[in-house]
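# Breakdown of the fold
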There are 2 protein chains.
Amino acid sequence: MKHFTKNMPFFLFVILTFSLVCTSSIRADTQTDPLPSWNESSSKQSIVRFVDLVTKEGGKNYVPPEKRIAVFDNDGTLWAEKPISVQFAFALDRVKALEPEHPEWKEEQPFKAVLEGDLKSILAGGGHTILQLVMATHTGMTIDEFEQIVSEWIGSARHPVTKRLYTEMVYQPMVELLAYLRSNGFKTYIVSGGGIEFMRPWVEKVYGIPPEQVVGSCIKVKYEMRGGGPVLMRLPEMDFIDDKDGKPVGINRFIGRRPLLAFGNSDGDLQMLQWTAAGSDSRYMGLVHHTDAEREWAYDRDVSLGRLDKALTEAEEKGWTVVNMKKDWKVIFPFQKKQ
Amino acid sequence: MKHFTKNMPFFLFVILTFSLVCTSSIRADTQTDPLPSWNESSSKQSIVRFVDLVTKEGGKNYVPPEKRIAVFDNDGTLWAEKPISVQFAFALDRVKALEPEHPEWKEEQPFKAVLEGDLKSILAGGGHTILQLVMATHTGMTIDEFEQIVSEWIGSARHPVTKRLYTEMVYQPMVELLAYLRSNGFKTYIVSGGGIEFMRPWVEKVYGIPPEQVVGSCIKVKYEMRGGGPVLMRLPEMDFIDDKDGKPVGINRFIGRRPLLAFGNSDGDLQMLQWTAAGSDSRYMGLVHHTDAEREWAYDRDVSLGRLDKALTEAEEKGWTVVNMKKDWKVIFPFQKKQ
């Protein structure tokens, strides 16, 4: 989407359709074609063929419903992760919101850089800096307080480029795929490097995935009595990082069954796809390949956020599906959907 | 059950009904009364009243199905935990099975005591000794290998007193309660101090609870390549202890919703019950009180395994249901069920 502001026809399309769309329109119209936002290319055909294969009773590849586990990465697979990940945008906004309580942040890095809007310095600090910002903004409150903060933010914060609510920056074809799988007896899970409790407050409404089907990174929490009642306090300490090698570990921990289908978009998803592929029955492994600089962003091997390098090579070698966003998707975001 | 061997009428009953029962009979007969193994006492009435209350559409206490989360402790709540917990019995059997590979165990404690059947010395060693035995017997293999070991053991190992399969040592009234709740739209979970991967291979068949609805203690696992394919190796390091304060933490981590109903039987379940009770809507908190020395065991405040002391006091103070096994249950184990 680097040419976003230069692309007038696209803007016009967005403006013209604006009054016709709303958040609820992200549900798929499944009356006729369950995947109406997918072009009739090999990606769509492979998905439909796989679902038919494993749901055909009496067929040799039949899989009973309780074993139809489908796992999806979130950032870059179900919603946009550019220019920065949504949870990182949340952390930056929280630093600004908490500034009055932390006058020292005006002079203290990395908070100073956040308050000055100096994203370059922050990103240059790498993982340590990001962790510092996450801990300062995601901990020190109860789980209920954090849920409230996330819910309020996600209900109003807007994407820096499109000015859309972040919950409108989801991929319409993937939302349709989730619904299609559920209508075929699959249980759909998110398996994300993002924080479990950052996702749980809104994923049910947006993706139809209930909180108990969210696997993600998490911090430690502590049970304690406060004001006569029990609370769970969020501590500034990582407990589990659900990325790369952590994804199969998280899947095993939370689900306890090997997925039948897995979708990711980056090298952080490679082990989840390998783990899925190593199952004995028929399995489906897919990658979302960001190839559409006009309607979204085009990136793969050369970026740090969402790098798709080893996983792309392995997908090509092993014949996993690589969804080409530009060619395979009629629309990307729900607000681009034709009514 | 300390008088088990002296109780001839009970033995006679067991023998007479033996040919009529099988494992599949543990499913509740819900055609008429969904809780046929419960006496018509206040415990049963309170359960039915609560379920009616939260499922009555349009009622002020109505709770939508997706929020009907019911959590159950396992040892002593869903199945017998005397004379020793089943998972501990498994660990002891595994030491014996692994002896040929560990000639050094003949002289090394606590393995020597296990091989000599000296339970008293093992228990005197406390938590450290038990952890040592668990690590030696539960780790060092892949998760698939461990599942296989557990499945084979649970399919053949027998209770030291009743000589029944352990999966027959489940509480018939609780199995009926689980089915009754599910038929009323509840999602039933196990939240146990026991190991997740010790329970997952068999709980679906025995309790109707799928693997992904098991919360429990767990060790660390590591993703690695072995023979060209990925495996998850079980490491000798605890990752999470799902007991006492850990139970609300585990519930929050795995489920992400506060339970509507919780059942336990010991002080290890107190925090889970407190956490459930602190919810804003109607909630149901129950304790199984082991009061039947004839048909099961009678114990509460004075034991170490399954001690029910603080939780019993708090239940009485707060009006939580305390199920009196002797008075409230017509039968305890499925093999005592009248056909």
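This text gives an overview of the structure that appears in the document.

Within chain A, the regular secondary structure consists of 13 helices and eight strands. By the compact-globule yardstick of 20 Å for 339 residues, chain A fits well, its C-alpha radius of gyration being 20 Å. Expressed as lengths along the three principal axes of its C-alpha atoms, the size of chain A is roughly 65 × 50 × 35 Å. Taken over 339 residues, chain A has a buried fraction of 57%. Of the contacts made within chain A by residues no fewer than 6 positions apart, 67% connect residues no fewer than 24 positions apart. Here chain A has roughly 14,300 Å² of accessible surface; of this, 53% comes from carbon and sulfur atoms. Chain A carries 42 positive and 45 negative side-chain charges, and their two centres are separated by 4 Å.

Now for the state of the cysteines. Overall, the coordinates contain zero disulfides over all chains when judged by the stated rule. Its sulfur unpaired, Cys218 of chain A is 10 Å from the next cysteine sulfur, which belongs to Cys218 of chain B. A relative accessible area of 9% means that Cys218 of chain B is categorised as buried.

The subject of this paragraph is the environment of Tyr223 of chain B. Structurally, Tyr223 of chain B can be placed in strand β3 (residues 214–226). Assessed through its relative accessible area of 7%, Tyr223 of chain B is described here as buried. C-alpha of Tyr223 of chain B to C-alpha of Thr142 of chain B: the two residues are 81 residues apart in sequence and 9.6 Å apart in space. Apart from residues no more than four positions distant in its own chain, Tyr223 of chain B is found in contact with Asp245, Pro248, Val249, Gln271, Gln274 and Trp275 of chain A together with Pro230, Val231 and Leu232 of chain B. Among the polar contacts listed, one links the side chain of Tyr223 of chain B to the backbone oxygen of Gln271 of chain A, at a separation of 3.5 Å.

Let us now look at the interface of chain A and chain B. Counting from both sides, the interface comprises 36 residues of chain A and, opposite them, 36 residues of chain B. In this structure, Arg258 of chain B and Asp144 of chain A form a salt bridge, with 3.5 Å as the shortest nitrogen-oxygen distance. The tally of links from chain A across to chain B stands at 22 residue pairs in polar contact (both at pLDDT 80 or more). The set of elements that each furnish at least two residues to the side of chain A that touches chain B consists of α7 (143–154), β2 (187–195), α9 (196–207), β3 (214–226), β4 (229–240), α10 (246–254) and α11 (270–277) of chain A.

What follows is about helix α6 (residues 126–138) of chain A. Residue and element names in this part refer to chain A. Spanning 13 residues, α6 covers 18 Å between terminal C-alpha atoms, matching the ideal 18 Å at 1.5 Å per step. All of the buried residues in α6 are Thr129, Leu133, Val134, Met135, Thr137 and His138. Along its buried surface, α6 packs onto α3 (86–98), α4 (111–115), α5 (119–124), α7, β3 and β4. Of the residues one or two after α6, Gly140 is the one with positive phi, at around 95 degrees.

Here we take up the relation of the copies chain A and chain B. Note on the copies: chain A fits chain B at an RMSD of 0.0 Å, the axial shift is 0.0 Å, and the rotation between them is 180 degrees. Each copy turns onto its partner about a two-fold axis. When each C-alpha of chain A is compared by its distance to the rotation axis, Phe254 of chain A comes out closest, at 3.2 Å.

It is worth spelling out unusual backbone geometry at this point. All names here are of chain A. The omega torsion of the bond from Lys82 to Pro83 falls at 0 degrees, within 30 degrees of zero and hence cis. Mapped onto the elements, Pro83 comes out in the loop between β1 (69–72) and α3. The amide bond that connects Gln109 to the next residue, Pro110, takes the cis arrangement and shows omega of 5 degrees. As for its placement among the helices and strands, Pro110 is situated in the loop between α3 and α4. Phi at Lys244 takes a positive value of approximately 55 degrees, unusual for a residue other than glycine. Mapped onto the fold, Lys244 is located in the loop between β4 and α10. Relative accessible area serves as the criterion here: at 45%, Lys244 is assigned to the partly exposed category.

Turning to the pairing of strand β8 (residues 321–324) of chain B, a few remarks are in order. Residues and elements named next belong to chain B. Of the two faces of β8, only the one carrying Thr321 and Val323 is buried; Val322 and Asn324 on the other face are not. Sheet topology note: the strand β6 (residues 284–291)/β8 ladder contains four bridges and is parallel. Looking at β8, one finds that Leu287 is bridged to Val322.

Calculation notes
- Residues numbered from 1 in each chain as written.
- Chains lettered and ligands numbered in written order.
- Predicted model: local features only at pLDDT ≥ 70, side-chain atom pairs only at ≥ 80, totals over all residues.
- Heavy atoms only, no water.
- Helix = DSSP H or I, 4+ residues; strand = E, 2+ residues; numbered from the N terminus.
- Rg over C-alpha atoms; globule rule 2.2 N^0.38 Å.
- Buried < 20%, exposed > 50% of the residue type's maximum accessible area, 1.4 Å probe, protein only.
- Contact = heavy atoms within 4.5 Å.
- Areas by Shrake-Rupley, 256 points an atom, 1.4 Å probe, with all protein chains shown as cover.
- Lys, Arg positive; Asp, Glu negative; His and termini not counted.
- Charge placed at Lys NZ, Arg CZ, Asp CG, Glu CD.
- Disulfide = S-S within 2.5 Å.
- Polar contact = N/O pair within 3.5 Å; in protein donor to acceptor, adjacent residues only side chain to side chain.
- Salt bridge = Lys/Arg side-chain N within 4 Å of Asp/Glu carboxyl O.
- Expected span 1.5 Å × (residues − 1).
- Least-squares fit on C-alpha atoms with pLDDT ≥ 70 in both.
- Pairing = 2+ DSSP bridges.

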